Amino acid sequence: MWTAGRRCRGRATQRASAPPAVVRRPSLLDVNDGGGADNAKVKAVNKLKAAKTSSDLVRQTRDLLVFVDRGGVDTKESKRDEKMMELSKLMRDLKVILYGDSETEPVAEACAQLTQEFFRENTLRLLITRLPELNLETRKDATQVVANLQRQQVQSRLIACDYLEINIDLMDVLIIGYENTDMALHYGAMLRECIRHQSVAKYVLETERMKKFFDYIQLPNFDIASDAAATFKELLTRHKSTVSEFLSKNYEWFFAEYNSKLLESTNYITRRQAIKLLGDILLDRSNSTVMIRYVSSRDNLRILMNLLRESSKSIQIEAFHVFKLFVANQNKPADIVGILVANRSKLLRLFADFKTEKEDEQFEADKAQVVKKISALEPKERQ
């Protein structure tokens with residue numbers, strides 16, 4: 001924010017015999033130099049005021065959330081409406097402090113104070129649990145506030161992570177929020193920001209509620225299903241070591257669900273998203289052990305070969321990127337080799353006309369390698 005320095009006034013003295021002296025207008029450099037010290041003091045005071053204001057706003061917000069939490073007992077409807085309007089204004093003010101607006105940038109000190117005060121007591125818990133009772137615009141503002149707080153550092157620490165580790169049950173509230181049509185998108189956005197913290201993502205992956213995502217992704221509401229799919233992808237791609245450990249420990253049930261509910265879903269969008277994500281997972285080096293296990297399964301190969309026959313070009317291309325891993329495996333089990341040999345002529349015919357919409361040299365090179373390896377396969381004796 002621009003701040004003006006003190007205006008300098010020139011003094012002119014006149015002699016009886018001389019013309020009036022010309023008063024020199026101060027240059028921009030003069031103005032800045034003349035007001036530098038005062039400007040610094042003003043900025044310091046403003047920062048102090050902003051920090052104090054942000055803490056006060058959080059405390060006022062907490063008090064109103066407590067009021068909402070208690071159901072506004074013994075309060076007239078007009079008084080309750082007044083308090084809810086006040087809460088909406090406070091939430092907007094908190095958002096402006098964290099994000100700034102068209103006229104002001106966020107002040108670091110104010111953001112730090114706001115963050116500290118927010119996690120000092122139970123403000124986040126109250127906000128998440130009472131969110132359904134707020135109006136739509138206030139929910140939107142609250143969602144943005146919670147999202148921003150996950151990234152705010154106080155003395156080089158993400159204190160939101162510390163708070164969530166102690167209050168990890170809040171993740172259960174956010175997950176099952178997908179079952180509430182009105183709340184799903186708000187809770188989903190909050191959840192994706194919370195799982196930026198590795199310890200929080202680990203909890204979500206390991207909880208029984210993780211299995212619910214296979215159903216949420218197939219919800220009839222397109223927006224909610226897409227949001228759940230975005231969260232699911234984030235959980236399985238952001239924190240490499242945690243994901244690798246999770247997939248290794250939970251391989252059997254996870255891929256059984258993944259194959260049957262997602263890759264073999266009757267919904268085209270579900271299949272397309274699932275095969276793309278599967279490629280991302282298996283091609284990640286941190287998941288190499290899981291990848292070898294996956295491409296050693298004849299059931300998995302059968303599913304991939306069916307996806308190669310899809311009418312959708314995008315599904316075909318993504319399926320190819322997973323299928324090539326089966327072919328490239330240096331230690332193919334005998335039954336995998338047997339399936340590839342038995343279907344060799346069909347596969348070679350398919351790949352003869354298999355092209356991307358835009359010219360892709362890497363894809364063509366991969367396809368040529370796959371064709372070469374399939375053509376050279378010899379049946380293995382089963383152990």
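Residues numbered from 1 in each chain as written. Predicted model: local features only at pLDDT ≥ 70, side-chain atom pairs only at ≥ 80, totals over all residues. Heavy atoms only, no water.

(A) A look at the overall build of the protein chain. The helix and strand tally for the protein chain stands at 20 helices and zero strands. For the protein chain, the proportion of its 383 residues judged to be buried stands at 43%. Taking the contacts inside the protein chain whose residues are at least 6 apart along the sequence as the reference set, 70% of them involve residues at least 24 apart. (Helix = DSSP H or I, 4+ residues; strand = E, 2+ residues; numbered from the N terminus. Buried < 20%, exposed > 50% of the residue type's maximum accessible area, 1.4 Å probe, protein only. Contact = heavy atoms within 4.5 Å.)

(B) Here's a closer look at unusual backbone geometry. Even without glycine at this site, Gln155 takes up a positive phi of about 50°. With respect to the helices, strands and loops of the structure, Gln155 is situated in the loop between helix H5 (136–149) and helix H6 (159–166). With relative accessibility at 73%, the residue Gln155 sits in the exposed group. Of note, Ser156 is a non-glycine position whose phi angle comes to about 65°, a positive value. Position of Ser156 relative to the elements: it lies in the loop between H5 and H6.

(C) Representation of the pattern of salt bridges in the model. Going through the model one piece at a time under the given rule, you end up with 32 salt bridges. Glu193 is the salt-bridge partner of Arg151, the closest N and O atoms lying 2.9 Å from each other. In this pair, Arg151 is assigned in the loop between H5 and H6 and Glu193 in helix H8 (residues 184–194), connecting sequence segments 42 residues apart. The exposure class assigned to Arg151 is partly exposed, which follows from its relative accessible area of 46%. Residue classification places Glu193 among the buried positions, given a relative accessible area of 15%. The closest approach of N and O atoms between Lys202 and Glu206, which form a salt bridge, is 2.9 Å. (Salt bridge = Lys/Arg side-chain N within 4 Å of Asp/Glu carboxyl O.)

(D) Structural detail: the packing of helix H2 (residues 77–99) against helix H3 (residues 108–120). Contact geometry of H2 with H3 gives a least axis separation of 8 Å together with a crossing angle of 130°. Viewed along their axes, H2 and H3 adopt a mutual orientation that is oblique. As for how H2 packs across H3, the hand of that crossing is left-handed. Facing H2, whose interface residues are Leu94, Ile97 and Leu98, H3 presents Ala110, Cys111, Leu114 and Phe118. For the contact of H2 with H3, a count of residues per class yields seven nonpolar, no polar and no charged. (Axes fitted to C-alpha atoms, helices over the stretch in contact; angles between N-to-C directions. Parallel < 35°, antiparallel > 145°, perpendicular 65-115°, else oblique. Left-handed = near helix turned anticlockwise from the far one by under 90°. Nonpolar A, V, L, I, M, F, W, Y, C, P; charged D, E, K, R; others polar.)

(E) Quick look at helix H16 (residues 298–308). Among all positions in H16, only Asn300, Leu301, Ile303, Leu304, Met305, Leu307 and Leu308 are buried. Lining the buried residues of H16 we find helix H13 (251–263), helix H14 (268–282), helix H15 (288–294), helix H17 (313–328), helix H18 (334–342) and helix H19 (344–352). Regarding H16, its N-cap is Ser297, as a side-chain oxygen of that residue lies 3.4 Å from the backbone nitrogen of Asp299 further along. (Polar contact = N/O pair within 3.5 Å; in protein donor to acceptor, adjacent residues only side chain to side chain.)

(F) Examining the packing of H14 against H17 more closely. Where H14 meets H17, the closest approach of the two axes is 9 Å, and the angle between their N-to-C directions is 30°. Taken together, the axes of H14 and H17 lie roughly parallel to each other. Considering only the axes of H14 and H17, their crossing is left-handed. Seen from H14, the contacting residues are Tyr268, Arg271, Arg272, Ile275, Lys276, Leu278, Gly279 and Leu282; seen from H17, they are Ser314, Ile315, Glu318, Ala319, Val322 and Leu325.

(G) Summary view of helix H11 (residues 222–237). Look at H11: 22 Å from first C-alpha to last across 16 residues, which is about the 22 Å you get at 1.5 Å a residue. Those residues of H11 that are buried are in contact with H8, helix H9 (198–206), helix H10 (213–216), helix H12 (240–249), H13 and H14. (Expected span 1.5 Å × (residues − 1).)

(H) Region of interest: the packing of aromatic side chains. Applying the stated criterion across every chain, the model contains 26 aromatic pairs. Taking the centre distance of 5.7 Å and the plane angle of 75° together, the rings of Phe320 and Phe351 count as edge-to-face. A residue pair is termed long-range when its members are at least 10 positions apart, and Phe320 in helix H17 and Phe351 in helix H19 qualify at 31 residues. Here the two residues Phe320 and Phe351 agree in accessibility, since each one is buried. Above the plane of the ring of Phe67 lies Lys83, whose end atom (NZ or CZ) is 5.3 Å from the centre. Between Lys211 and the ring centre of Trp253, over which it is positioned, the NZ or CZ distance is 5.0 Å. (Phe/Tyr/Trp six-rings, centres within 6.5 Å; stacked < 30°, edge-to-face > 60°. Lys NZ or Arg CZ within 6 Å of the ring centre and 35° of its normal.)

(I) Region of the structure containing the nonpolar core. In terms of nonpolar packing, the biggest core is built from 106 residues, with Phe118, Phe213, Phe232, Leu236, Tyr258, Leu278 and Phe323 touching the most fellow members. Here this core gets nine residues from one element, more than from any other, and that element is H17. For Phe118, the residues in contact, after removing those within four places along its chain, are Val58, Leu94, Thr123, Leu124, Leu127, Val145 and Leu149. (Core = buried A, V, L, I, M, F, W, Y, C linked by side-chain atoms within 4.5 Å.)

(J) Examining the environment of Val290 more closely. With respect to the secondary-structure elements, Val290 resides in helix H15. When its relative accessible area of 3% is taken as the criterion, Val290 is described as buried. Sequence separation between Val290 and Lys249 is 41 residues, and the spatial gap between their C-alpha atoms is 10.0 Å. Non-local contacts of Val290, meaning those with residues more than four positions away in its chain, are made with Leu247, Ser248, Tyr251, Phe255 and Leu282.

(K) View of the confidence of the model for the protein chain. On average, residues of the protein chain score 87 in pLDDT, and 84% of them reach the 70 mark or higher. Considering only residues more than four positions removed or in separate chains, one finds that residues 25–32, a stretch of pLDDT under 50, has six contacts. This stretch, residues 40–51, has a pLDDT under 50; its non-local contacts, to residues over four places away or in other chains, come to seven contacts. (pLDDT = per-residue confidence, 0-100.)

(L) The arrangement of the side chain of Arg62 in detail. Here Arg62 is to be found in helix H1 (residues 28–69). Residue Arg62 is classed as buried on the basis of its relative accessible area, which comes to 7%. Those residues in contact with Arg62, other than ones at most four positions away along the chain, are Glu117, Glu121, Asn122, Thr123 and Leu126.

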